[in-house]
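Here are the chains, one letter per residue:
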Amino acid sequence: MIIAANLKTNFTRKETNKYLEELESFVSSKNITQEVLVFPAMSSLDDNDTSIVTGAQNAYATKEGAFTGEIGLVHLEEFCIKTILIGHSERRHILGETQAELVTKFNYYKDLGFKIVFCVGEPLEKREAGKNEMMEYISSQYKGIDTEYENLIIAYEPVWAIGTGLTPTLQDIEEIHTELKVKSSAPLLYGGSVKVTNAKEVLALKNVDGILVGSAALYTEHFCSMIEYAQELEGK
Ligand code: PGA
């Protein structure tokens, strides 16, 4: 399974390096064979010689150039980063990234062979509008994306569940994942208020291939426990 930590705008470079070292020592002492991914803040990217794969939370669809406030391929190459998160709800809804911009970014990093974690998920009003409207909305977030891309991972993250402590029911997660699996056979992660207290149940669900964790991943011990749950559920 895939266990991913989105550190968002948290942890300095020093703190991130310590975090990665702690994860590395946990993963090697427990012989973890699950895929562990960490997305540090941009300025916390570094030369890490740990086995933990780090990815970028965002980058512009460019090698370099005049895009103030953005980073490009050269900045990722400096740290051998080949994994990127695209379409996170905070980028869609707070930073206003459009589907068209996300498609451009997706295609750019796909052509470079990056592993892409592409996020989809509905805001509360779409969920409240009923199942059909909600599924249509989520489908629109797949538009223009090569759903058969071999290095694609999809993360289903309901916007209203992110950082709120609210989650869909386990049955809801399983149902939505089952529908989304029809759109793409890529590994499908669930994200949105995954905590050490619910991670095991979520990971055990059919069609859940892993989790994308925000706030709870900031607690190293909690994140390590989640990695261990995934290991225990191997071959579920
Ligand atoms: P959360 O964030 O775990 O804090 O809800 C998840 C995410 O944004 O990926």
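For the structure, see preceding data.
Peer 1: Any chance you could break down the site of the ligand for me, citing the residues and the numbers?
Peer 2: In the vicinity of the ligand lie 13 residues, with Lys8, His88, Glu157, Gly163 and Ser215 positioned nearest. Separating an oxygen atom of the ligand from a side-chain N or O atom of Glu157 is a distance of 2.7 Å. Within the backbone of Gly214, a nitrogen or oxygen atom sits 2.8 Å from an oxygen atom of the ligand. Its free accessible area being 280 Å², the ligand has 99% of it covered by the protein chains. For the shell around the ligand, a count of residues per class yields 4 nonpolar, 7 polar and 2 charged.

Peer 1: Break down the side chain of Lys105 for me, citing the residues and quoting the values.
Peer 2: If you trace the backbone, Lys105 turns up in helix H4 (residues 99–111). On the basis of relative accessibility, which here comes to 5%, the residue Lys105 falls in the buried class. Other than its neighbours up to four places away in sequence, Lys105 contacts Asn58, Ala59, Ala61, Ile86 and Glu97.

Peer 1: Let's hear about the sheet that holds strand S2 (residues 35–39): which residues, and what values?
Peer 2: Spatial strand order, S3-S2-S1-S8-S7-S6-S5-S4: 8 strands in an open sheet with parallel pairing. Two strands in the sheet have a free side with no partner beyond their single neighbour: strand S3 (53–54) and strand S4 (83–86). With 4 bridges joining them, S4 and strand S5 (residues 115–120) adopt parallel strand pairing. Within the sheet, the bridge partner assigned to Thr83 lies in S5 and is Lys115. Helix H9 (residues 220–232) rests against strand S1 (2–6), S2 and strand S8 (210–213) of the sheet, and its axis sits at about 165° to S1.

Peer 1: Could you give an account of unusual backbone geometry, naming the residues involved and the relevant values?
Peer 2: For Asn31, which is not a glycine, the phi torsion comes out positive at approximately 50°. Looking at the secondary structure, you find Asn31 in the loop between helix H1 (13–29) and S2. Despite not being glycine, Cys80 shows a phi value in the positive range, around 55°. Topologically, Cys80 is positioned in the loop between helix H2 (73–77) and S4. Assessed through its relative accessible area of 65%, Cys80 is described here as exposed.

Peer 1: Requested: an account of the packing of H1 against H9, with residues and values cited.
Peer 2: At their nearest, the axes of H1 and H9 sit 10 Å apart, and the two run at 35° to each other. In the packing of H1 onto H9, the handedness of the crossing is right-handed. Judged by residue contacts, Tyr19, Glu22, Leu23, Phe26 and Val27 of H1 engage Thr220, Phe223, Cys224, Ile227 and Glu228 from H9.

Peer 1: Can you tell me about the packing of aromatic side chains, naming the residues and giving the values?
Peer 2: What the rule picks out here adds up to 7 aromatic pairs. Plain terms: the ring middles of Phe106 and Tyr149 are 6.1 Å apart, the flat faces sit at 75° to each other, and that makes the pair edge-to-face. One end of the pair, Phe106, is in helix H4; the other, Tyr149, is in the loop between helix H6 (131–140) and strand S6 (152–156), with 43 residues separating them in the sequence. Accessibility expressed as a relative area gives 9% for Tyr149, which makes it buried.

Peer 1: So, the pattern of salt bridges: which residues are in play, and what are the values?
Peer 2: For the coordinates displayed, the defined rule picks out 14 salt bridges. Glu228 is paired through a salt bridge with Lys30; the nearest N and O atoms lie 3.3 Å apart. Here Glu228 is found in helix H9, whereas its partner Lys30 is found in the loop between H1 and S2, with 198 residues between them in sequence. Residue class for Lys30 comes out partly exposed when judged on its relative accessible area of 40%. One salt bridge connects Lys105 with Glu97, and the closest N-O pair in it is separated by 2.9 Å. Across the pair, exposure class does not vary: Lys105 and Glu97 are buried alike.

Peer 1: So what's going on with the pairing of S5? Which residues, and what values?
Peer 2: Burial analysis of S5 places 5 of its 6 residues in the buried class, which makes it a mostly covered element. Examined bridge by bridge, S5 and S6 share 5 bridges and lie parallel to one another. In the sheet register, Cys119 faces S6, and the bridge partner there is Ala155.

Peer 1: Please provide a residue-by-residue account of the packing of H6 against helix H7 (residues 170–183), values included.
Peer 2: For the pair H6 and H7, the least separation of the axes is 12 Å and the interaxial angle reads 45°. By the criterion of interaxial angle, the relationship of H6 to H7 is oblique. Judged by the twist between their axes, the crossing of H6 over H7 is right-handed. Counting all contacts with H6, which are made through Lys131, Met134, Met135, Ile138 and Ser139, the residues of H7 involved are Glu175, Ile176, Glu179, Leu180 and Lys183. Grouping the amino acids of the contact of H6 with H7 by side-chain chemistry returns 5 nonpolar, 1 polar and 4 charged.

Reading the values: rules and limits
Residues numbered from 1 in each chain as written. Predicted model: local features only at pLDDT ≥ 70, side-chain atom pairs only at ≥ 80, totals over all residues. Heavy atoms only, no water. Near = heavy atom within 4 Å. Polar contact = N/O pair within 3.5 Å; in protein donor to acceptor, adjacent residues only side chain to side chain. Areas by Shrake-Rupley, 256 points an atom, 1.4 Å probe, with all protein chains shown as cover. Nonpolar A, V, L, I, M, F, W, Y, C, P; charged D, E, K, R; others polar. Helix = DSSP H or I, 4+ residues; strand = E, 2+ residues; numbered from the N terminus. Buried < 20%, exposed > 50% of the residue type's maximum accessible area, 1.4 Å probe, protein only. Contact = heavy atoms within 4.5 Å. Pairing = 2+ DSSP bridges. Axes fitted to C-alpha atoms, helices over the stretch in contact; angles between N-to-C directions. Left-handed = near helix turned anticlockwise from the far one by under 90°. Phe/Tyr/Trp six-rings, centres within 6.5 Å; stacked < 30°, edge-to-face > 60°. Salt bridge = Lys/Arg side-chain N within 4 Å of Asp/Glu carboxyl O. Parallel < 35°, antiparallel > 145°, perpendicular 65-115°, else oblique.

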